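# Reading the structure
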Amino acid sequence: MRFLVVVASVLSCVPGDAVTPSPTTIAQSRASNFFAICNDAPTCDVISKIDNEWARKQACITLDDTKGQNLCPIACGNSICYKYTQSCEDMEKGEFTVLLEKQKCKGINHMKQKDNQFVSWICETTAFASDKNDMSYLSQDRCEESCQNPACTCADRPFAFWTSGTDVEGYGVEHVKVEPAKKRKCSELYNMDKVKRTSICDLQIRGVTDHLPNPKNDIPFGINVSYMCPKACGVRKECLCTDETDWIETPTRVNKQMKCFWARDWSAEKLAEFCDETIEPHFARACAITCGNPTCADHESTHSIHLWGDTISTSCRQISNVNTTEYMNYMCPEKDYTKNVYTYELCPVTCKGFPTVPSQVPSTAPMTSSPTTSAPTTSAPTTSAPTTSAPTTSAPTPTSPPTPTSPPTPTSPPSAPKTSV
């Protein structure tokens, strides 16, 4: 039943003219883009060690024609290294259909700049482009930058950066150093106790970045560590309340690196050990869903949920919008393919009270409409913005769904090693 992932109103769609790479391929390209560009030359540390902010800026200005942004992109503030969406880009260049409206990524970006209330709804809904039956992508997967896909905004930056030191006043005019200025990586934060990690996450970085913020981006004035390391710091719930898909360092164990999903078959005692921040801080923080972090008990994930080997994508919001027992009985027990966690764990409020094991595939599609919340007219001006618009006076009326088919054969997730960990 490939159609079951989608709100009934989006099932009649208009093909577009471009194809988006798979979510897995996109994710693999992000880190390589960062390492290719955001890599300071060894001599750049000299700039970051300068205590005075004005002097650091002058050192960058006099370095070369690009004010040091090519040679020292981190120290001198190359915008690519400090984008809110990091190395993500809008991969869909053509037109696609979402909620029965034709859209483009540029149109969504324009609506976002206007604080249009429909943006999050559009971004967390399945978008059809080149193939009418392709349900692999939400709008935020096709337009990662314009939708500010949390997979992009929550990733810890993979490169090292310098932070300012902290001190407290002592007797007289003396100051006592608490934390020195030093070069750090996000991965180091996972192994700190909560008090120290919180203090480090509040530190300002030493990159020369005051030229970067503008009304069209979300780069803050005075960048701190929590902006650089959103997952490690966990200030934003959507970043903390998810399972890391990359390898997690466990240097004291037989396996020096692990994956969150390995813990799925562990005993309760072993899981409790690894989810104890005083014992395995990195694993406990990186695997918040698997560890049942109480902070995430009622958090509805905004991340895309990839099912059946990336062939279908949905979101907590889309599941909630469908709001039929038949649909939820089918969706809530399924596993996210990329994280190997259940949908009901990612959507605890939406899926509350629904079965935790898959039910029989329904024989008919859920005949429900999209939310009926009225939306203002949001057409972009024709002189500068794209011609797409959000739904105008009300949510679209659903059309008849296609004939149901069988769901794709699930791809078996990778297995955890059988050796001792």
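Residues numbered from 1 in each chain as written. Predicted model: local features only at pLDDT ≥ 70, side-chain atom pairs only at ≥ 80, totals over all residues. Heavy atoms only, no water.

### Points about the overall build of the chain
What counts, and what does not: For helices the rule is a DSSP run of H or I covering at least 4 residues; for strands it is a run of E covering at least 2, with both sets numbered from the N terminus onward. Each residue is placed in one exposure class: buried if its accessible area under a 1.4 Å probe, protein chains only, is under 20% of its type's maximum, exposed if it is over 50%, and partly exposed if it falls in between. In this description, contact between two residues means that some pair of their heavy atoms is separated by no more than 4.5 Å. Surface accessibility follows the Shrake-Rupley procedure with a 1.4 Å probe radius. Residue values consider only the protein chains on display as shielding.
Along its length, the chain carries 18 helices and ten strands. Buried residues in the chain amount to 49% of all 421 residues. Sequence separation of at least 24 residues holds for 68% of the intrachain contacts in the chain that already meet a minimum separation of 6. Carbon and sulfur atoms make up 52% of the accessible area of the chain, which amounts to about 19,800 Å² in all.

### Concerning the environment of Met331
If you trace the backbone, Met331 turns up in helix α17 (residues 325-331). Through-space distance from the C-alpha of Met331 to that of Tyr342 is 9.5 Å; in sequence the pair is eleven residues apart.

### Some remarks on the packing of aromatic side chains
How two aromatic rings sit relative to each other is set out by the distance from centre to centre and by the angle between their planes. Put simply, the rule reads: Stacked, tilted and edge-to-face pairs are distinguished by plane angle, under 30 degrees for stacked and over 60 for edge-to-face with tilted covering the rest, among Phe, Tyr and Trp rings (Trp via its six-membered ring) whose centres lie within 6.5 Å. Note on criteria: charge over ring means Lys NZ or Arg CZ within 6 Å of the ring centre, with the direction from the centre no more than 35 degrees off the ring normal.
By the definition in use, this model includes seven aromatic pairs. With a centroid separation of 5.8 Å and 25° between ring planes, the pair formed by Trp266 and Phe283 is classed as stacked. Taken together, the residues Trp266 in the loop between β8 (257-258) and α14 (268-274) and Phe283 in helix α15 (residues 281-286) connect sequence positions 17 residues apart. We classify Trp266 as buried; its relative accessible area is 16%. A residue is classified by how much of its surface remains accessible, and Phe283, at 0% relative accessible area, is buried. Their ring planes at 10° and their centres at 5.1 Å tell us that Tyr342 and Tyr344 sit as a pair that is stacked. Cluster of aromatic residues (ring-pair linked, three or more members): Trp266, Phe274 and Phe283. Residue placement shows Lys259 over the ring face of Trp247; its charged tip is 4.9 Å from the ring centre.

### Thoughts on the state of the cysteines
Put simply, the test is: Working definition: a disulfide is two cysteine sulfur atoms within 2.5 Å of each other.
Overall, the coordinates contain 14 disulfides when judged by the stated rule. Between the sulfur of Cys260 and that of Cys287 lies a disulfide, 2.0 Å long from S to S. Since a negative S-S torsion denotes a left-handed disulfide, the Cys260-Cys287 link at about -85° is left-handed. In this pair, Cys260 is assigned in the loop between β8 and α14 and Cys287 in the loop between α15 and β9 (305-307), connecting sequence segments 27 residues apart. Comparing Cys260 with Cys287, the two get one shared label, buried.

### Some words on the nonpolar core
We apply this condition: We call a set of buried residues a nonpolar core when its members are Ala, Val, Leu, Ile, Met, Phe, Trp, Tyr or Cys and they connect through side-chain atoms within 4.5 Å of each other.
In this structure, Tyr82, Phe161, Leu189, Met228, Cys229 and Phe283 are the most contacted members of the largest nonpolar core, which totals 36 residues. Where this core is concerned, the elements lending two or more residues are α4 (79-82), α9 (186-189), α10 (194-201), α11 (225-228), α12 (230-233) and α15. Ranked by residue count, the leading element in this core is α11, at three residues. Once you skip the residues sitting within four places of it in the chain, Met228 turns out to touch Tyr82, Ala155, Asp156, Arg157, Phe159, Phe161, Cys186, Ile205 and Ile223. Core analysis: the next-biggest nonpolar cluster, separate from the first, contains 19 residues, Ile289, Leu307, Cys316 and Met328 among them.

### Focus: the environment of Pro42
Residue placement: Pro42 occurs in the loop between α1 (23-37) and α2 (45-48). Measuring from C-alpha to C-alpha, the distance between Pro42 and Cys72 comes to 8.9 Å, with 30 residues separating the pair along the chain.

### Examining the pattern of salt bridges
Stated formally: What makes a salt bridge here is a side-chain nitrogen of Lys or Arg within 4 Å of a carboxyl oxygen of Asp or Glu, nothing more.
For the structure on display, the rule yields ten salt bridges. Its salt-bridge partner being Asp51, residue Arg206 comes within 2.6 Å of it at the nearest N-O pair. Within this pair, whereas Arg206 is found in the loop between α10 and α11, its partner Asp51 is found in the loop between α2 and α3 (53-61), the two being separated by 155 residues in sequence. Since its relative accessible area comes to 6%, Arg206 is described here as buried. The exposure class assigned to Asp51 is exposed, which follows from its relative accessible area of 62%. Note that Glu145 and Lys83 form a salt bridge whose closest N and O atoms lie 3.5 Å from each other. Linking Glu145 in the loop between α7 (139-142) and α8 (150-153) with Lys83 in the loop between α4 and β1 (96-98), this pair joins segments that are 62 residues apart in sequence. Each member of the salt-bridge network shares a partner with another, and the members are Arg253, Glu273 and Glu280.

### Some thoughts on the side chain of Asp141
Test applied: Definition of a polar contact: a pair of N or O atoms within 3.5 Å, with one able to donate and the other able to accept a hydrogen when the atoms are protein atoms, and with sequence-neighbouring residues admitted only if both atoms are side-chain atoms.
Its location among the elements puts Asp141 in helix α7. We classify Asp141 as buried; its relative accessible area is 5%. Engagement of the side chain of Asp141 in a polar contact is seen with the side chain of Asn149, the distance being 3.4 Å.

### Let's talk about the environment of Pro150
Residue position: Pro150 is located in helix α8. A C-alpha to C-alpha distance of 8.5 Å links Pro150 and Ser304, two positions 154 residues apart in sequence. The contacts of Pro150, once residues within four sequence positions are left out, are Gln140, Ala155, Thr302 and His303.

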